[in-house]
Amino acid sequence: MKIGASVASYTTTWDDISAAIETLEAGRWDSVWFPDHFIPPSAWKGAENEPIYEAWTLVSAVAGMTEKLRLGHLVSGNTYRNPALVAKMATTIDQVSRGRFTLSVGAAWLKREHEAYGWVYPSMRERQDRFEEACALIRALFTAGGQPVDFQGRYYSLDSAPLSPGSVQEPHIPIMVGGLGERRTLRTLARYGDVWNLDGFAMGREDARRLGGMSMGLYNRKVSVIEKHCEDAGRDPGEISHTVFMPTMLTDDQSEADEFIERVGPGTVAGPAGYIIERIGEFAEAGVEEVMLAPRPSDAESLQRLDEEVVAAFS
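Report follows, based on the coordinates. From a predicted model like this one, the values you see are computed outputs, not experimental measurements.

Thresholds applied
- Residues numbered from 1 in each chain as written.
- Predicted model: local features only at pLDDT ≥ 70, side-chain atom pairs only at ≥ 80, totals over all residues.
- Heavy atoms only, no water.
- Salt bridge = Lys/Arg side-chain N within 4 Å of Asp/Glu carboxyl O.
- Helix = DSSP H or I, 4+ residues; strand = E, 2+ residues; numbered from the N terminus.
- Buried < 20%, exposed > 50% of the residue type's maximum accessible area, 1.4 Å probe, protein only.
- Pairing = 2+ DSSP bridges.
- Right-handed = clockwise from strand over helix to strand, strands pointing away.
- Lys, Arg positive; Asp, Glu negative; His and termini not counted.
- Contact = heavy atoms within 4.5 Å.
- Disulfide = S-S within 2.5 Å.
- Polar contact = N/O pair within 3.5 Å; in protein donor to acceptor, adjacent residues only side chain to side chain.
- Phe/Tyr/Trp six-rings, centres within 6.5 Å; stacked < 30°, edge-to-face > 60°.

Considerations on the pattern of salt bridges
Argument step 1. Using the criterion set out here, one finds 20 salt bridges in the structure.
Argument step 2. Among the ionic pairs, glutamate 54 bridges to arginine 81, the shortest N-O distance being 2.7 Å. Residue glutamate 54 is located in the loop between strand S2 (31–34) and helix H2 (55–65), and its partner arginine 81 is located in the loop between strand S4 (76–77) and helix H3 (83–96); the two are separated by 27 residues in the primary sequence.
Argument step 3. Given the relative accessible area of 26%, glutamate 54 is considered partly exposed.
Argument step 4. Judged by relative accessible area, which is 11%, arginine 81 ranks as buried.
Argument step 5. Bridged by salt links that share partners, the residues Asp129, Glu132, Arg184, Arg187 and Arg191 form one connected network.

Observations concerning the pairing of strand S1 (residues 2–6)
The two faces of a sheet get side chains in turn, since along a regular strand they alternate between them.
Argument step 1. The buried count for S1 comes to four of five residues, which makes it a mostly enclosed element.
Argument step 2. Two strands pair when backbone bridges link them, and S1 and strand S12 (residues 290–295) are joined in this way by four bridges, in the parallel orientation. Looking across to S12, one finds that alanine 5 is bridged to leucine 293.
Argument step 3. Here S1 runs beside S2; their pairing, made up of three bridges, is parallel. Following the sheet pairing, glycine 4 is matched in S2 by serine 31.
Argument step 4. Traced from S1 through helix H1 (residues 14–26) to S2, the parallel crossover comes out right-handed.

Considerations on the side chain of arginine 127
Argument step 1. Structurally, arginine 127 can be placed in helix H5 (residues 124–142).
Argument step 2. This buried residue, arginine 127, is left without a salt bridge; glutamate 126 holds the nearest opposite charge, at 8.6 Å.
Argument step 3. The residues touching arginine 127, leaving out its near neighbours within four places in the chain, are Thr79, Ala107, Ala108, Trp109, Tyr121 and Pro122.

Description of the state of the cysteines
Argument step 1. According to the stated counting rule, one finds zero disulfides in the structure shown.
Argument step 2. In this structure cysteine 135 is not part of a disulfide, and its nearest cysteine sulfur, from cysteine 230, lies 14 Å away.
Argument step 3. Residue classification places cysteine 230 among the buried positions, given a relative accessible area of 0%.

Quick word on the environment of tyrosine 121
Argument step 1. With respect to the secondary-structure elements, tyrosine 121 resides in the loop between helix H4 (111–117) and H5.
Argument step 2. Judged by its relative accessible area of 25%, tyrosine 121 is partly exposed.
Argument step 3. As for tyrosine 121 and isoleucine 175, which are separated by 54 residues in sequence, their C-alpha atoms are 24 Å apart.
Argument step 4. With sequence-adjacent residues up to four places away left out, tyrosine 121 is seen in contact with Trp109, Leu110, Lys111, His114 and Arg127.
Argument step 5. A polar contact of 2.9 Å, which involves the side chain of tyrosine 121, links it to the backbone oxygen of tryptophan 109.
Argument step 6. At 3.2 Å, the side chain of tyrosine 121 and the side chain of arginine 127 are in polar contact.

What about the packing of aromatic side chains?
Argument step 1. Applying the stated rule across the entire model yields 10 aromatic pairs.
Argument step 2. With 4.8 Å between their ring centres and 75° between their planes, phenylalanine 38 and tryptophan 119 make a pair best called edge-to-face. On the criterion of sequence distance, the pair formed by phenylalanine 38 in the loop between S2 and H2 and tryptophan 119 in the loop between H4 and H5 is long-range, its members being 81 residues apart.
Argument step 3. The class of phenylalanine 38 is buried, set by a relative accessible area of 16%.
Argument step 4. With centroids separated by 5.5 Å and ring planes inclined at 55°, the aromatic side chains of tryptophan 56 and phenylalanine 101 adopt a geometry described as tilted. Remark: phenylalanine 101 occurs in the loop between H3 and strand S5 (103–106) and tryptophan 56 occurs in helix H2; sequence separation between them is 45 residues.
Argument step 5. What links up through ring pairs into an aromatic cluster is the set Phe38, Tyr80, Tyr117 and Trp119.

So this is what it looks like as structure tokens:
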């Protein structure tokens, strides 16, 4: 089991982010991930004028600060950037990091940041249509073997577009799809993704609450849906690796844990070290390859404590 950490890019400072990265690089951690937002999500009760750093720029900087950590976003919003540009950015970071980048993508959901910056915020259906088309385009570029790519979709197109340099990783940069949506998101994963991320922050919906939040019941249900979509797409579900994004609080204070779960949502795992180790272990036994812990705050002190009390159990 690999263990990564999501480091907050909002309501923080560069000095704190830098110290967190140094702690991760020196510790037992396998990867570092950043949220892709332009206004702090409401779960953290951050005012809109709180500091927030652009996620792709952060990953570029961290690529030069580290040597062992894998890098990525949880997840990069499709509506913010043209997908062909994203593919070019991804291969550049993969080159700079010598093959340590994972391209994770999602349809985007935070309406307010689109309004704030004057970006179009399409309907849910159109965002899903754009997302699926973007994944098809990116995969076409990644798998073209250096040859120019033509692509004609409803929203995006390529005219003999090269992607050079390509990926350091073989056969290409992994494409991670994050989300829970059974009809569209998981179908897009089955068609174009290499990695699925079960997002604990997205578990505010009724089905997540009914199935117990960050539970094996929810995980198993989504896996069965993925397998059905893979069957329809003529794809081996074993080609898709599974990861879990787990909002986390390490605490021996039950009231503190309860407040954190109430504020963040039912996908949260909060409690003493033994409890968190047990929950991670359940997913490891089910075949999950990596869990990304998302402590808040994600400062150096919190990450060091998690390293010593939780991550060490899986080293």
